[in-house]
Amino acid sequence: MDREETFAFLDAARARGVILGLSNIRNLMGYLGNVQERLRVIHVAGTNGKGSVCAMLASILAAAGYRTGKYASPAVFAYEEIYQINGADIPKERLAEVFSEVKAACEKMASDGLTHPTVFEIETAAAFCYFYEEQCDYVVLETGMGGAADATNLIKKPVISVLTSISPDHMAVLGNTLEKIAAAKAGIIKKGRPCVTARQEPEASAVIKKAAMSKNSPLYPVRADTLLDFEYDVSGSRFWFAENADVCEKSQEKGRPAICGYTPLAGAYQEENIACVLTAVNVLRGQGIAISVDALLEGFSRVRLAGRMEQIAMRPECYIDGAHNEGAAHFLEKTVQNCFTNRKIVYIIGVLADKAYEKVLETLLPYAAYAVTVTPQNPRALDGARLAEIVRGYGVPAAAAGDMEDAVRRAGKEAGEHGVVLAFGSLSYLGDLKRAAMAEWRQTEWIRRKSKKASD
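Residues numbered from 1 in each chain as written. Predicted model: local features only at pLDDT ≥ 70, side-chain atom pairs only at ≥ 80, totals over all residues. Heavy atoms only, no water.

Under the defined criterion, the tally for this structure stands at 13 aromatic pairs. For the ring pair tyrosine 71 and tyrosine 83, a centre distance of 5.6 Å and an interplane angle of 25° mean the geometry is stacked. Residue tyrosine 71 is found in strand 2 (residues 68–71), and its partner tyrosine 83 is found in strand 3 (residues 83–85); the two are separated by 12 residues along the sequence. Ring centres 4.9 Å apart and planes at 90° place the aromatic pair tyrosine 347 and phenylalanine 424 in the edge-to-face group. Taken together, the residues span a long stretch of sequence, with tyrosine 347 in strand 14 (residues 345–350) and phenylalanine 424 in strand 17 (residues 420–425) at a distance of 77 residues. We note that tyrosine 347, like phenylalanine 424, is buried. Over the ring of tyrosine 138 we find arginine 40, and its NZ or CZ is 4.9 Å from the ring centre. A cation over an aromatic ring shows up here: lysine 434 above the ring of phenylalanine 77, its NZ or CZ 4.5 Å from the ring centre. (Phe/Tyr/Trp six-rings, centres within 6.5 Å; stacked < 30°, edge-to-face > 60°. Helix = DSSP H or I, 4+ residues; strand = E, 2+ residues; numbered from the N terminus. Buried < 20%, exposed > 50% of the residue type's maximum accessible area, 1.4 Å probe, protein only. Lys NZ or Arg CZ within 6 Å of the ring centre and 35° of its normal.)

Below is the structure:
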């Protein structure tokens, strides 16, 4: 298959909908030689922070000298970014080759009378095959939805499991209480294998502890003092943590020995994510994986992740963030309070109809001077015109854009020279919005220089 045929194959599978459970993926991987059983996997589940935690862990392992694969979805700007090795997207020709293998296995399954795999099962199988064929030392694997019934949960013996912050999301599928959602996420905990968990709400924490105990899994909760200090602005995050190393200026002021680290990932939510990653690194070291302090700091400093408090333009100042549920909205609220004080804030908002977007709006609309709404290119999208009506119901002036280019023009005009544009909601529209913004505001050269400077 070529790239076009690959996407036609995926579109046909997407029409089959979502089927949770492991029987399909187990059958599919049987036809592909069960190569997943030969991968060393760090398995990550949770509601918020999965993408950031996966990106940081993969970057740190790569900096430590390991060939590291990362599987995380959805894509924001290019489909190939779902599959990365040491930070590089899968080449287009390799994408077609790998999916050709998986398609052949799917056809064999169908001819043998088995159920054809869903699109996520196909994508997950492709990840297993790609990372095995490319001889990755480690694979950082992000769940799609939930944990217990997620296709990635075919992994039997992960190096470690990691649970990021858990909050209400996908409630129609995972359950209508935090306990039920936590139980689904905790399904990635495996017998005798260590598990790291971010700080959780008491209801979720109790479920995770019970699940770990039942699996005889050593549980490593993130401690409140994992970070000695944390600060951030729109350019990134700086943090201090204790370890056997030289004392930095900040820790001398506090009278506590510490190391100072930096990551270009910005936002209030990165405090929890960084603490989770530091805890996971310590557990990985306990499994015999060599990660020096220098590699740790280099990995943090080189990590990149699209669509998470990412600045895409300077004039006007514009940021995109994938906050799409209540938990993420509260963290984004803190970022707005910290970074955009006394600024006119114009939102661009696009959401999916089956998400709890009302909670997101209730949290973030009090800071908006104006909102432009869009309709994401997604069959589950809420119509932008309807969203504009809902936003106006909160007392915020709003208008629905005809397309992404119109959204960019309207938001830029409303923000003016000194305001800020913040786009959030579904990740599914942020790629289209970024392309429109860079074309309209001619920011390509600035973005290129900024990216080069960050990588130097």
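Looking now at the sheet that holds strand 10 (residues 236–241). With respect to topology, 3 strands assemble into an open sheet ordered 9-10-11, the strand pairing being antiparallel. Of all the strands in the sheet, the pair left with one neighbour each is strand 9 (229–233) and strand 11 (259–263). Averaged over all neighbouring strand pairs, the angle between strand axes comes to 15°, with direction disregarded. When strand 9 meets strand 10, the two strands line up antiparallel, connected through 5 bridges. What sits directly across from glutamate 231, in strand 10, is arginine 238. Set on the sheet, helix 10 (residues 270–286) makes contact with strand 9, strand 10 and strand 11; between it and strand 10 the angle comes to about 45°. (Pairing = 2+ DSSP bridges. Axes fitted to C-alpha atoms, helices over the stretch in contact; angles between N-to-C directions. Contact = heavy atoms within 4.5 Å.)

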